[in-house]
Amino acid sequence: MLQGVTADISHMDTGAVVRGFLGQPQLESALTGMDLVVIPAGVPRKPGMTRDDLFKINAGIVRTLCEGVAKCCPNAIVNLISNPVNSTVPIAAEVFKKAGTYDPKRLLGVTMLDVVRANTFVAEVLGLDPREVDVPVVGGHAGVTILPLLSQAKPPSSFTPEETEYLTKRIQDGGTEVVQAKAGAGSATLSMAYAAVKFADACLRGLRGDAGVVECAFVASEVTELPFFATKVRLGRRGAEEVYQLGPLNEYERVGTAKGEK
Ligand SMILES: NC(=O)c1ccc[n+]([C@@H]2O[C@H](COP(=O)([O-])OP(=O)(O)OC[C@H]3O[C@@H](n4cnc5c(N)ncnc54)[C@H](O)[C@@H]3O)[C@@H](O)[C@H]2O)c1
Ligand SMILES: *[C@@H]1O[C@H](CO)[C@@H](O)[C@H](O)[C@H]1NC(C)=O
């Protein structure tokens, strides 16, 4: 399987060098010298499961991988995809603290798929090309804690209460929509791969020193009373160099963020 995946990925004309590593014995070789580590390892949901149900298994996987990061590439930026993101990110933070390598700016929970879904569904309602739409999504990464800020959508748009309700629910339940449609065969993988690349690419542009790279991510935060929260962040050479405030919210969003904080 490892050789198959390595061969498959190596055929993409990206200019990237592709190498495969397998299991604990090769973890150090896989991680040494890395500037960016993307962690998508873990079990996905089946119908009826919440992201919290994955916690026990995925927490252990994330811990092992992050111990490797602390040892082999302590300055790398980590993009954590494994669910539940709102728990795996604090676990990774604890591993790094214990190793003495923790830098909150370099640990990013990937919520890009929530933004990708928001852009797609909003574009559908507005009759626009999704590539022209940008909707910030803040909060957590599960159900009602996912809060699209439709009032800050670009281009500036207004939505009826029914549209707001429909869009917010569909974005919050986007993952579950896929889990149910796949009926036991897993959760979002292809749209997640797209979102992961989009986010990793933004991190790399930040690392390269490009100016004005801003994306949403789940990071250590002082924006609310919660220790970790998804908001817009500015990505630079040192990771999430700036964590943005929520900005002006409408009444619907104020109620939503209050819910998200519970
Ligand atoms: N953040 C998001 O928006 C988002 C979206 C979709 C899925 N996810 C999460 O991503 C994770 C993976 O989902 P998937 O659908 O790709 O699952 P999958 O079962 O298709 O793939 C999981 C991969 O993890 C690998 N793996 C398992 N144990 C490992 C270990 N100990 N060390 C290294 N690798 C290991 C497996 O070999 C497999 O390749 C799940 O936790 C899922 O909930 C997150
Ligand atoms: C993560 O979010 C879920 C769903 O809202 C919640 O049940 C869980 O307590 C949260 N975990 C943490 C560590 O905040």
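Everything numeric here is computed off the predicted structure, so don't read it as measured data.

### Observations regarding the site of ligand 1
Move 1: Residues in contact with ligand 1 amount to 19 residues; listed here are only the nearest, Pro 40, Val 43, Asn 58, Ile 81 and Asn 83.
Move 2: The side chain of Asn 58 places a nitrogen or oxygen atom 3.0 Å from an oxygen atom of ligand 1.
Move 3: The contact in question runs from a nitrogen atom of ligand 1 to an N or O atom on the backbone of Ile 81, over 3.1 Å.
Move 4: When ligand 1 is considered free in solution it has 860 Å² of accessible area, and contact with the protein chains removes 61% of it.
Move 5: Considered class by class, the residues forming the shell around ligand 1 number 12 nonpolar, 7 polar and no charged.
Move 6: Counting the residues that make up the shell around ligand 1, at least three belong to each of domain 1 (2-109) and domain 2 (112-261).

### What about the side chain of Asn 83?
Move 1: Topologically, Asn 83 is positioned in the loop between β2 (77-80) and α4 (85-99).
Move 2: Looking at Asn 83, the relative accessible area reads 18%, which means it is buried.
Move 3: Within the structure, the side chain of Asn 83 is placed 3.2 Å from the backbone nitrogen of Val 85, a separation counted as a polar contact.
Move 4: The residues touching Asn 83, leaving out its near neighbours within four places in the chain, are Arg 51, Leu 54, Asn 58, Thr 88 and His 141.

### What to know about the UniProt feature "domain: Lactate/malate dehydrogenase C-terminal" (unreviewed entry) in the chain
Move 1: When the UniProt feature table is mapped onto this chain numbering, "domain: Lactate/malate dehydrogenase C-terminal" (unreviewed entry) sits at residues 111-254.
Move 2: Across residues 111-254, helical content stands at 41% and strand content at 19%; the span's end C-alpha atoms are separated by 20 Å.

### Considerations on the UniProt feature "active site" (unreviewed entry) in the chain
Move 1: Under the UniProt annotation, the feature "active site" (unreviewed entry) is placed at His 141.
Move 2: Within the element layout of this structure, His 141 appears in the loop between β4 (137-139) and β5 (146-148).
Move 3: For His 141, a relative accessible area of 8% puts it in the buried group.
Move 4: Engagement of the side chain of His 141 in a polar contact is seen with the side chain of Asn 83, the distance being 3.5 Å.

Parameters at a glance
Residues numbered from 1 in each chain as written. Chains lettered and ligands numbered in written order. Predicted model: local features only at pLDDT ≥ 70, side-chain atom pairs only at ≥ 80, totals over all residues. Heavy atoms only, no water. Near = heavy atom within 4 Å. Polar contact = N/O pair within 3.5 Å; in protein donor to acceptor, adjacent residues only side chain to side chain. Areas by Shrake-Rupley, 256 points an atom, 1.4 Å probe, with all protein chains shown as cover. Nonpolar A, V, L, I, M, F, W, Y, C, P; charged D, E, K, R; others polar. Domains from an automatic or database assignment. Helix = DSSP H or I, 4+ residues; strand = E, 2+ residues; numbered from the N terminus. Buried < 20%, exposed > 50% of the residue type's maximum accessible area, 1.4 Å probe, protein only. Contact = heavy atoms within 4.5 Å. UniProt positions renumbered as here; feature names shortened; annotations may be inferred.

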